[in-house]
Amino acid sequence: MISRIFGKPKQEPSALATLDKLNETLEMLEKKENLLMKKAAEEVNRAKEYTRMKNKKAAIQCLKKKRLYEQQVEQLGNFQLRIHDQ
């Protein structure tokens, strides 16, 4: 009767389950980081192509996207450091 009113007590997650979850999160962040690095490299190649074709505006846009990807990679690196600290 009391459990219906107040609910069942929450079970504390075990240390191993928490570590597994942190490791999965680290793996996911590393995959995202690799993908963003590839995208940044592709943007550099695109910018070179546009420069050869004398299209400066498009080349600058590609370099801006590359900078955006690099900032995201930096953020992911910071997340990874925080997870390692935990």
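So, how was this worked out
Residues numbered from 1 in each chain as written. Predicted model: local features only at pLDDT ≥ 70, side-chain atom pairs only at ≥ 80, totals over all residues. Heavy atoms only, no water. UniProt positions renumbered as here; feature names shortened; annotations may be inferred. Axes fitted to C-alpha atoms, helices over the stretch in contact; angles between N-to-C directions. Helix = DSSP H or I, 4+ residues; strand = E, 2+ residues; numbered from the N terminus. Parallel < 35°, antiparallel > 145°, perpendicular 65-115°, else oblique. Left-handed = near helix turned anticlockwise from the far one by under 90°. Salt bridge = Lys/Arg side-chain N within 4 Å of Asp/Glu carboxyl O. Buried < 20%, exposed > 50% of the residue type's maximum accessible area, 1.4 Å probe, protein only.

As recorded in an unreviewed UniProt entry, the chain goes by Vacuolar protein sorting-associated protein 32 homolog 2-like and comes from Punica granatum. Per UniProt, the chain has the following entry under Subcellular location (unreviewed entry): "Endosome". We quote the UniProt Sequence similarities (unreviewed entry) comment for the chain here in full: "Belongs to the SNF7 family."

**Student:** Got a minute to help me understand the packing of helix α2 (residues 15-52) against helix α3 (residues 56-85) in this structure?
**Tutor:** A packed helix pair is summarised by two numbers, namely the angle formed by the two axes and the spacing between the axes. Look at α2 against α3: their axes get within 8 Å of each other, and the N-to-C directions meet at 165°. For the element pair α2 / α3, the angle class is roughly antiparallel. Crossing of α2 against α3: the hand is left-handed.

**Student:** Would you mind showing me how to read the pattern of salt bridges here?
**Tutor:** Close approach of charged atoms lets side chains of opposite charge pair. Enumeration over the complete set of coordinates arrives at three salt bridges. Across the pair R52 and E49 runs a salt bridge whose closest N-O atoms are separated by 2.5 Å. Of this pair, R52 and E49 both sit in helix α2, separated by three residues, roughly a single helical turn. E49 gets classed as partly exposed once you look at its relative accessible area, which sits at 41%. Between K66 and E70 there is a salt bridge, and its shortest N-O distance comes to 3.2 Å. Placement of both K66 and E70 in helix α3 is noted, with a separation of four residues, approximately one turn of the helix.

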